Amino acid sequence: MSEVIRIENLRKEFGDVIGVADVSLSIERGEYVTLLGPSGCGKSTLLRMIGGFEAPTSGTIWLDGEDVTDLPPNQRAVNMVFQDYALFPHMTVGQNVGYGLRVSGVPRAQIRARVAETLSLVGLTDKADASPAELSGGQRQRVALARAIVRRPKVLLLDEPLSALDANLREQMQVELRNLHDRVGLTFVMVTHDQSEALVMSDRVVVMRDGRVSQSGDPVSLYDAPANSYVADFIGATNLFSSPVKVSGGKILVSCFGQELEIDHPAVGDAPVGNAPAGERLFGFRPEKARLIRSNGSVPGGNCLKGRVETVLYHGATIRSVVVVGDGRILVDTLLDDTFDPARHVGAGDEVFLDIEPHKIMPFSRDGAS
Amino acid sequence: MRLATRSRLSSGGVLSLPLVWTFLFLFVPYGILFIYSFWEKKFPTFVPAFQFGNYLELIVDPQYVRVLLRTIKIAGLVSLLSLLLAYPYAYFLVHKVTRPGVRLVLYMAVVLPLWVSYLLRAYTWKTILGTQGVLNSFLVSTGILSEPSSVFLYNQTAMVVTLTYVFIPFMVMPIYAALEKIPRNLTEASRDLGMSALQTFVRVTLPLSMPGVIAGFTMTFCLSFGDFIAPFLVGGPDGMMIANVIATQFGAALNWPLGSALALVMLVIVLTIITLSDRLQGVGKGKYA
């Protein structure tokens, strides 16, 4: 694979506010990259700078080896799918899709052919003469897609493309969009604030925070090995706690809301020993990594916390239990598979033990920004 | 059932006053004009009759047709000039002025003159264009003219200038509203799809702002078409418009039947224009769905 976009130290300031703070990023040809983060993290600004709608304060954008930093949008071989589609209301669906071809001096017959081909690609062949106002939200989304890919851009930019759709349609479009990407073989760069959307659709997720890249990686590594507590908390849920690290009897011990837990992680092998607050670090584990055991008076073996169930939330495929441990609350997800026995499961008010394997506890740096 | 009856009664009550008002002060006068238009001129006044002589005279006597054509020409020129001035201004306000405060001030600069009496605003141009006026003093003091000229005032150009000044807010307002309503991402999408700024204007912004242009054109045209003051103040001998002729028929000429016929012809023309404008606007309805 070769690099299609290279972004070097890109920065955008809006007055005193820093939208994007010196981001460097490289995107491979054919990759599906998602820029993920909460609103205000700079992901949309970054996308709009690639599209040419915002001028960077400093830094460079290379598109296929060419410096496009100062080029207007119409001179960049990238196309954008806008958040609310931005279809031209005074044109038919076919005219919308063909709009971008009219400028390049493509002969009429060829424009018609390519419009028809692209509309069939998104399954809207019979809507060519319809007005955008007659279409449903999902259909408009497809027209916007067709209009953007008909020019065969080097990179397709998608600005929260599915946010205007309702939940069911959104899930369906996630799959369709991913399939379309695989079929047309274009490079997709998508902005979203929806972490599950990012995980489902992308080859690579770039998690952003305060205008910076917090972590960039494939969905599995982001989930299994978040680089910091911010990513851990933003992607999926994580039980976070702060604790000093202490070594005793060859075991590394931390304190989770007042109770001792053993951890086993290469990164904390050389952790500072002792109870000095300066040595405190953040630790966390995923809710589905812990196991709940109903207390029958005796303390079970293993690496356990003792707590009391506060609430049990039914999620369909899983059950989430909120367990009060000391002055903290810990989430535990239990998979509702065939071995699950509702009669034996914990309920609100039950005293429970919470079993977690030492190597499933992840250490993070204190500030969470690393 | 009873509730429905009561609500129908109360809504009738709310509407009755405006309905009575409209009937008394709109339909009744038009009815009177309509009846008068069939009456007959009999020196020294006029008598009841039912004949089409007044309408026939409007067609046969070329002076009425001439005034009508002149009125249409002047109203058309006023609308065109207003459009040429108002569109760039509204575009500038919507797209180039980024600070809302500045935009408001510039918008109010156009709307504010509407709060000043129409007569005063028209009269202002007499003091600008007259032989003792601002324009002449300027041209003489700069040496462009050796003595004040009388060519600026009392002609059709003076009327067009005055009427344009007076009615241009009615062009700026709807165009501004139409331009502001166009989602910004449509122009971005057009640029993104390879169009230059000019192509984007021609293919996206202009077509989508047409409802505003049509509304503005209709308003300035109809208002200028029926204007009576500007011809009177700055028009001069060849500046008479149809409203002045009607006024004369009801005044000095004492021929109410002919005046009524002329007024009704004018009403039909204006209603036709408004209907056409409505149709044109209807074409672009329901766009931003």
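Reading the values: the criteria
Position numbers for residues start from 1 in each chain and track the written sequence from start to end. For this description, chains carry letters from A and ligands carry numbers from 1, given in the order in which they are written. Local features in this predicted model are restricted to residues whose pLDDT is 70 or higher, and side-chain atom pairs enter the listing and the counts only when it is 80 or higher, whereas totals over whole chains, interfaces and linings include all residues. We count a stretch as a helix when DSSP gives it H or I for four or more residues in a row; a strand needs E for two or more, and each element gets its number in order from the N terminus. Atoms counted for the radius of gyration: C-alpha only. Globule rule: 2.2 Å times residue count to the power 0.38. With C-beta atoms placed from the backbone, a residue is buried if 20 or more other C-beta atoms are within 10 Å of its own, exposed if 12 or fewer are, and partly exposed between those counts. Here contacts are defined at the residue level, using C-beta atoms placed from the backbone and a cut-off of 7 Å between them. Whether two strands pair depends on DSSP finding at least two bridges between them. The pLDDT score gives, residue by residue, the confidence of the prediction method on a 0 to 100 scale. Orientation is described by lines fitted to C-alpha atoms, with helices fitted over the stretch in contact, and by angles between N-to-C directions that extend from 0 to 180 degrees. If an angle is under 35 degrees, it is roughly parallel; if it is over 145, roughly antiparallel; if it lies from 65 to 115, roughly perpendicular; otherwise it is oblique. Left-handed describes a crossing whose near helix is turned anticlockwise from the far helix through less than a right angle; right-handed describes the clockwise counterpart. Lys, Arg, Asp and Glu make up the charged group, whereas Ala, Val, Leu, Ile, Met, Phe, Trp, Tyr, Cys and Pro make up the nonpolar group; the residues left over, Gly among them, are polar. The split into domains, and so the bounds of each, comes from an automatic or database assignment of domains. A clockwise path from the first strand over the helix to the second, with the strands pointing away from the viewer, defines a right-handed crossover.

## Quick look at the overall build of chain B
Line of reasoning, step 1. Helix and strand content of chain B: 13 helices and two strands.
Line of reasoning, step 2. The C-alpha atoms of chain B give a radius of gyration of 24 Å, which is well past the 19 Å a tight globule of 289 residues would have.
Line of reasoning, step 3. The buried share of chain B, reckoned over its 289 residues, is 31%.
Line of reasoning, step 4. Within chain B, residue pairs in contact and separated by at least 24 positions form 72% of the contacts whose partners lie at least 6 positions apart.

## Considerations on the interface of chain A and chain B
Line of reasoning, step 1. The interface is formed by 19 residues belonging to chain A together with 19 residues belonging to chain B.
Line of reasoning, step 2. Those elements that place two or more of their residues in the side of chain A that touches chain B are β6 (78-81) and α2 (93-102) of chain A.

## Concerning unusual backbone geometry
Residue and element names in this part refer to chain A.
Line of reasoning, step 1. Positive phi outside glycine occurs at N9, with the angle close to 45°.
Line of reasoning, step 2. The phi angle at R152 is positive, at roughly 50°, despite the residue not being glycine.
Line of reasoning, step 3. By the C-beta count within 10 Å, which is 14 here, R152 ends up partly exposed.

## Brief notes about the pairing of strand β2 (residues 17-28) of chain A
It is a general feature of regular strands that their side chains alternate between the two faces of the sheet.
Residue and element names in this part refer to chain A.
Line of reasoning, step 1. As judged from the eight bridges shared by strand β1 (residues 3-14) and β2, these two strands associate in the antiparallel manner. Bridge assignment links F14 to a residue of β2, and that residue is V17.
Line of reasoning, step 2. Between β1 and the antiparallel strand that follows it, β2, lie two residues; G15 among them carries a positive phi value of about 60°.

## Describing the confidence of the model for chain A
Line of reasoning, step 1. Considering every residue of chain A, the mean pLDDT works out to 88; 94% of them sit at 70 or more.
Line of reasoning, step 2. Contacts for the low-pLDDT stretch residues 271-277 of chain A, under 50 throughout, to residues beyond four places or in other chains number 12 contacts.

## Some points on the sheet that holds strand β9 (residues 204-209) of chain A
Residues and elements named next belong to chain A.
Line of reasoning, step 1. Spatially, six strands are ordered β6-β7-β8-β3-β9-β10 in an open sheet, and the strand pairing comes out mixed. Two strands close off the open sheet at either side, each with one partner strand: β6 and β10 (212-217). Recorded for the sheet is a direction-independent mean angle of 20° between the axes of neighbouring strands.
Line of reasoning, step 2. When β9 meets β10, the two strands line up antiparallel, connected through five bridges. Within β10, the residue paired with V205 across the bridge is G217.

## A few points about the packing of helix α5 (residues 118-129) of chain B against helix α7 (residues 156-167) of chain B
All names here are of chain B.
Line of reasoning, step 1. Running from N to C, α5 and α7 point in directions that differ by 140°, and their axes come no closer than 10 Å. With respect to each other, α5 and α7 are oriented oblique. Like other packed secondary-structure pairs, α5 and α7 cross with a definite hand, here right-handed. Taken together, the residues of α7 that come into contact with α5 (itself represented by Y118, R121, A122, W125 and L129) are A158, V161, T162, Y165 and V166.
Line of reasoning, step 2. Of the residues in the contact of α5 with α7, the class split is eight nonpolar, one polar and one charged.

## Considering the domain arrangement of chain A
Residue and element names in this part refer to chain A.
Line of reasoning, step 1. The domains assigned to chain A are domain 1 (3-234) and domain 2 (239-364).
Line of reasoning, step 2. Between the C-alpha centres of domain 1 and domain 2 the distance comes to 40 Å.
Line of reasoning, step 3. In this complex, domain 1 contributes five residues to the contact, which on the side of domain 2 involves five residues.
Line of reasoning, step 4. Tallied by class, the residues present in the side of domain 1 that touches domain 2 amount to two nonpolar, two polar and one charged.

## Concerning the pairing of strand β8 (residues 187-192) of chain A
All names here are of chain A.
Line of reasoning, step 1. For β8, the buried fraction is high: six of the six residues fall into the buried class.
Line of reasoning, step 2. Judged by which residues are buried, β8 turns out to be covered on both faces: T187, V189 and V191 on one side and F188, M190 and T192 on the other are all buried.
Line of reasoning, step 3. As paired strands, strand β3 (residues 32-36) and β8 are joined by five bridges and run parallel to one another. Considered in β8, the bridge of Y32 is made with F188.
Line of reasoning, step 4. Examined bridge by bridge, strand β7 (residues 155-159) and β8 share five bridges and lie parallel to one another. Bridge pairing links L157 to V189 in β8.
Line of reasoning, step 5. Between the parallel elements β7 and β8, the chain passes through helix α5 (residues 167-184) in a crossover that is right-handed.

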